[in-house]
Structures are given as structure tokens and as C-alpha cells.
Amino acid sequence: MRILIVEDSVLLREGLVRLLEDAGHTVVAALPDATALDETVDASDPELCILDVRLPPTFVDEGIRAALALRRRLPQLPLLVLSQYVEERYASDLIVAQGSAGPLGYLLKDRVADVSEFIESVQRIAAGSTVLDPEVVAQLLTRRNQDDRMRSLTERERTVLAMIAEGRSNQAIAGTLFLSEASVEKHITAIFQKLGLEPDESGNRRVLAAIAHLSSTGRGGAPAGPTQTGISR
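The notes below deal with the structure included here. (Residues numbered from 1 in each chain as written. Predicted model: local features only at pLDDT ≥ 70, side-chain atom pairs only at ≥ 80, totals over all residues. Heavy atoms only, no water.)

1. Section: the pattern of salt bridges
Convention followed: For this document, the term salt bridge refers to a Lys or Arg side-chain nitrogen within 4 Å of an Asp or Glu carboxyl oxygen. Secondary structure is summarised from DSSP: a helix means a run of H or I of at least four residues, a strand means a run of E of at least two, and numbering begins at the N terminus for each. Relative accessible area decides the class of each residue, using a 1.4 Å probe on protein chains only: under 20% of the type maximum gives buried, over 50% gives exposed, and in between gives partly exposed.
Evaluation of the coordinates by the stated rule reveals seven salt bridges. We note a salt bridge from Arg 73 to Asp 38, for which the minimum N-O separation is 3.5 Å. Of this pair, Arg 73 sits in helix α3 (residues 62-73) while Asp 38 sits in helix α2 (residues 37-44), and the two are 35 residues apart along the sequence. Classification of Asp 38 by relative accessible area gives partly exposed; the value is 36%. For Lys 109, the salt bridge goes to Asp 52, with nearest N and O atoms at 2.9 Å. In this pair, Lys 109 is assigned in the loop between β5 (104-108) and α5 (115-126) and Asp 52 in strand β3 (residues 48-52), connecting sequence segments 57 residues apart. With relative accessibility at 15%, the residue Lys 109 sits in the buried group. Classification of Asp 52 as buried rests on a relative accessible area of 4%. Salt bridges sharing partners connect three or more residues here, namely Glu 7, Asp 52 and Lys 109.

Pasting the structure below:
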């Protein structure tokens, strides 16, 4: 896979290059900031872009703004955003703005230390999954939402929804919770019904369920916090 990296930390940038290349991928460019991002994307035609949330010159939100701009310009290009801390607002901005766009990942940088898990996340995103850090999902799920739809979920349904957000298949959820796959399917059907998610041709109801979590915080695009979750489409 052809990967473009935008990361201001030399150590992390070079570390990512080494990890990805050792895993058999090709790093087409490794940039310290987003200044030449558009030109580099056009010239190198990457299959995945990895960006830090905070980039020069202000180290506030340059990376997230660059990711959102890429999402608007090349909606099907898979993106993986890395953040030092849980910044729910940025995860919300990306996911809510995503709509039917391409694969998306939002992970804490700590996840890079678990090389096999990180590489697996990269591959899942490239294969079409949305992968959000578990910290984000956990934080969202522990909020006492004012959304009646979320309140209507049972504890078991909340657990299943959390695992959906982590990108687990029905089979994996069944194995973890010691349920039959048929029982898991019933829980998921109930979740979709309670969240008002009707069947659609794109099959993105799992992604929309995660968006419902973010929307139910009452922030829209306001602050929140990151976690890992993967949502297979």
C-alpha cells in the first residue's frame, strides 16, 4: 500500500516510516507539516494518508483542518488521524463531516507502540473500515446523554454498540459476550431501530450508529474526546 505521512515529530515520523515499510508498505512521502500536502498527494497518489492532529505553525488544529480539506477534495481517500490526547471535538468533526466518504481512522499515538495492532488498524482502514480509538468510544459511552434514543438502549445493547464502534464483527461480538450470533443480530437490530437507523443501500448503519453517539452529546461540532473504534462497512 502507498502511504503518505504528515507528522512534525522527527522521531515519530521516522518511526512510522520504518514500521510501515517493515510491514511491506511503501511510504511515498513523509512531511513535517501540511504546507505541501495537496501537491504531494497529487504527485504521489497515496492509498492512505496519516496525519497528526496538531501541526506547525500553531500546533492547534492544522492537521485536522488538512484532513477535513482532503476529505472534501478527495472524499474516497482513506485517512488516519493521530492524536496525542483524547480530543473528542476533532473526532466528531471528522466523523460527522464524513457522511458517505471513504474509510477513516482516529487513533491515539500510544497505539503505535503496539506495532501489530497499529499495522492491523492501518490495513483495516485501507480495506474500508472506520477505526476509532477505544478511548473515544469509552468516553462517549460513559456520558449521560440527553438523547432519548440513547437512553432507550439497554445495558447489553450499549455494550454491543460499543463493540460495533470498535469494528468487531457479529461473530467476534458473540464470542466475547458468550452469545449466539443470532442473539447478537437481534441486539443489533434493536439498536438500529431505537436509533432510527433504517436500512440503506450503502450499508453504513454501523457508521451512523457511531455518529449517533457523537451527535447525542449535544455538541454538533463542539468539543469531545478520542478513543479507538473500528467500524467495518
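2. Observations regarding the pairing of strand β4 (residues 79-83)
Just so we agree on the cut-off: Strand pairing follows a simple DSSP-based rule, namely that at least 2 bridges must link the two strands. When the strands point away from the viewer, a crossover counts as right-handed if the route from the first strand across the helix to the second turns clockwise.
For β4, the buried fraction is high: five of the five residues fall into the buried class. Side-chain alternation along β4 places Leu 79, Val 81 and Ser 83 on one buried face and Leu 80 and Leu 82 on a second face that is also buried. The pairing of β3 with β4 spans four bridges and is parallel. Residue pairing across strands places Leu 51 opposite Val 81, the latter belonging to β4. Note on the crossover from β3 through α3 to β4: the handedness is right-handed. Pairing of β4 with β5 involves five bridges; the strand directions are parallel. Within β5, the residue paired with Leu 82 across the bridge is Leu 107.

3. Looking at the nonpolar core
Where a protein is soluble and globular, its nonpolar side chains tend to be buried together. What counts here: Put simply, a nonpolar core is a bunch of buried Ala, Val, Leu, Ile, Met, Phe, Trp, Tyr and Cys residues held in one set by side-chain atoms that sit within 4.5 Å of each other.
Ranked by size, the top nonpolar core spans 23 residues in total, and within it Leu 4, Leu 37, Cys 49, Leu 51, Leu 79, Leu 94 and Tyr 106 carry the most contacts. Within the residue set of this core, elements represented by two or more residues are β1 (2-6), β2 (26-31), α2, β3, α3, β4, α4 (88-98) and β5. With five residues, the top contributor of residues to this core is α3. Core analysis: the second largest hydrophobic core is formed by 19 residues, Leu 12, Leu 16, Val 17 and Val 112 among them.

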